[in-house]
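What follows is each chain in one-letter form.
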Amino acid sequence: MQGSDALRAGLGSAMTAAGTPLEAANQLCRACVEFLHVDGASVSLIHDGASRGTFGSSGRMSRRLDELQFTFGEGPCLDAVRAGGLVLVEDLNDVAEVRWPAFRDAALDAGISAVFALPILIASAHVGALDLFNRRPGPLSDPVLAGALLAAELAALPLLDLMTAHVDWDSAAQGDDGWEQLASLERVEVYQATGMLMAALNVSPSEALARLRGYAYAHSMTASEVAWAIVERRLTLHSDGAGPAPGHTTRDGA
């Protein structure tokens, strides 16, 4: 670990070469892996108590970590934003760790043993979280935690453009105002599929999203996997939420 000034410079430099806010967030997450010696990092956008998208990640595993929290509606990033404080879990396999049972089991199955969520603050509002994870259990050292706090401060920068757009999430789910902003997120397919379900089942945006996530949970899929199946018309949900399970086609890039 470097000193705080050198670390801030290193993390900041990783972002300056980026051409877009999303790429800046990706570069910051990759820099966290390099400078903080963690196995992965992601930036989650949280709105109205729900995960709205992965605005930056270091790679496939970190995107999946964030996707699991969205699919199950629980996890450290949501708690970090809700409480406005750090959520540090050094061993998900600890029998005393009883929070987020669905997320916990899925994360362990994905090879994740330790998760650390730090809220991202913009204008006194917690709008997202920086998630760090390790495959092996164990706490963050004091220097690494100090570096993670610096990274969480820097993570606010690429989120500013998105947050100042005042996205109407319900309209965006139907492809109206805010679609261009949502297109910069990793989870845009969920909002497209939600709009399709609203039209097909004549339900509200929240009900459509709940049905999509419920199907994902029942079939051991992620919300994005179900969404792609709906968008590509490999899956049709009926009014009772049932439907044949499609092949598990993933769209995560490296």
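Preceding this paragraph is the structure being described.
Please read these numbers as outputs of a predicted model, since none were measured by experiment.

**Section: the nonpolar core**
Consideration 1: If you look at the biggest cluster of nonpolar residues, it comprises 36 residues, and the most contacted ones within it are Leu11, Leu36, Val43, Leu132 and Leu159.
Consideration 2: With 10 residues, the top contributor of residues to this core is helix H6 (residues 142–163).
Consideration 3: With near-sequence residues (within four places) excluded, Val43 lies in contact with Cys29, Gly53, Thr54, Phe55, Gly56, Ile120, Ala129, Leu130, Ala155 and Leu159.
Consideration 4: One finds Val190, Met198, Ala229 and Leu235 within the second-largest nonpolar core, a separate group that totals 21 residues.

**Comments concerning the sheet that holds strand E2 (residues 50–57)**
Consideration 1: Spatially, E2-E1-E5-E4-E3 is the arrangement adopted by the 5 strands of the open sheet, whose pairing is antiparallel. In this open sheet, the two strands that pair with only one neighbour each are E2 and strand E3 (87–89). Shown here is a sheet whose adjacent strand axes are inclined to one another by a mean of 25°, direction ignored.
Consideration 2: With 6 bridges connecting them, strand E1 (residues 40–47) and strand E5 (residues 125–134) associate as antiparallel partners. Considered in E5, the bridge of Val43 is made with Leu130.

**What to know about the packing of aromatic side chains**
Consideration 1: The full count for this structure, using the stated rule, is 2 aromatic pairs.
Consideration 2: Ring centres of Phe72 and Tyr217 lie 5.6 Å apart, and the angle between their planes is 90°; on these two criteria the pair is classed as edge-to-face. Highlighted residues: Phe72 in helix H3 (residues 60–72) and Tyr217 in helix H10 (residues 205–218), separated in sequence by 145 residues.
Consideration 3: The exposure class assigned to Tyr217 is exposed, which follows from its relative accessible area of 53%.
Consideration 4: Look at Trp100 and Phe103: their rings are 6.2 Å apart centre to centre, the planes differ by 80°, and that puts the pair in the edge-to-face class.
Consideration 5: Judged by its relative accessible area of 6%, Trp100 is buried.

**Observations concerning the pairing of E1**
Consideration 1: The buried fraction of E1 is high, at 7 of 8 residues.
Consideration 2: In this structure, E1 lies alongside E2, joined through 5 bridges in antiparallel fashion. Opposite His47, over in E2, you have Ala50 as the bridge partner.
Consideration 3: Taking the residues between adjacent antiparallel strands as the criterion, E1 and E2 are bridged by 2 residues, where Asp48 takes a positive phi near 55°.

**Examining the pairing of E5**
Consideration 1: With 8 of its 10 residues buried, E5 lies for the most part within the structure.
Consideration 2: As paired strands, strand E4 (residues 114–122) and E5 are joined by 9 bridges and run antiparallel to one another. In the strand pairing of E5, Ala114 is matched with Asn134.
Consideration 3: Between E4 and E5, which pair antiparallel and follow one another directly, the connecting turn spans 2 residues, one of which, Ala123, has a positive phi of 50°.

**Examining the side chain of Ser44**
Consideration 1: With respect to the secondary-structure elements, Ser44 resides in strand E1.
Consideration 2: Aside from chain neighbours lying at most four places away, what touches Ser44 is Gly53, Asp66, Cys77, Val127, Gly128, Ala129 and Asp131.

**A closer look at helix H4 (residues 76–83)**
Consideration 1: Listing the buried residues of H4 in full gives Pro76, Cys77, Leu78, Ala80 and Val81.
Consideration 2: Two residues or fewer after H4 comes Gly84, characterised by a positive phi angle close to 70°.

**Quick notes on the packing of helix H1 (residues 4–16) against helix H2 (residues 21–36)**
Consideration 1: Where H1 contacts H2, the two axes come as close as 7 Å, and the packing angle between them is 145°. Crossing geometry of H1 relative to H2 is assigned as right-handed. Judged by residue contacts, Leu7, Gly10, Leu11, Ala14 and Met15 of H1 engage Ala24, Gln27, Leu28, Ala31, Cys32, Phe35 and Leu36 from H2.
Consideration 2: Its residues assigned to classes, the contact of H1 with H2 shows 10 nonpolar, 2 polar and no charged.

Conventions adopted
Residues numbered from 1 in each chain as written. Predicted model: local features only at pLDDT ≥ 70, side-chain atom pairs only at ≥ 80, totals over all residues. Heavy atoms only, no water. Core = buried A, V, L, I, M, F, W, Y, C linked by side-chain atoms within 4.5 Å. Buried < 20%, exposed > 50% of the residue type's maximum accessible area, 1.4 Å probe, protein only. Helix = DSSP H or I, 4+ residues; strand = E, 2+ residues; numbered from the N terminus. Contact = heavy atoms within 4.5 Å. Pairing = 2+ DSSP bridges. Axes fitted to C-alpha atoms, helices over the stretch in contact; angles between N-to-C directions. Phe/Tyr/Trp six-rings, centres within 6.5 Å; stacked < 30°, edge-to-face > 60°. Left-handed = near helix turned anticlockwise from the far one by under 90°. Nonpolar A, V, L, I, M, F, W, Y, C, P; charged D, E, K, R; others polar.

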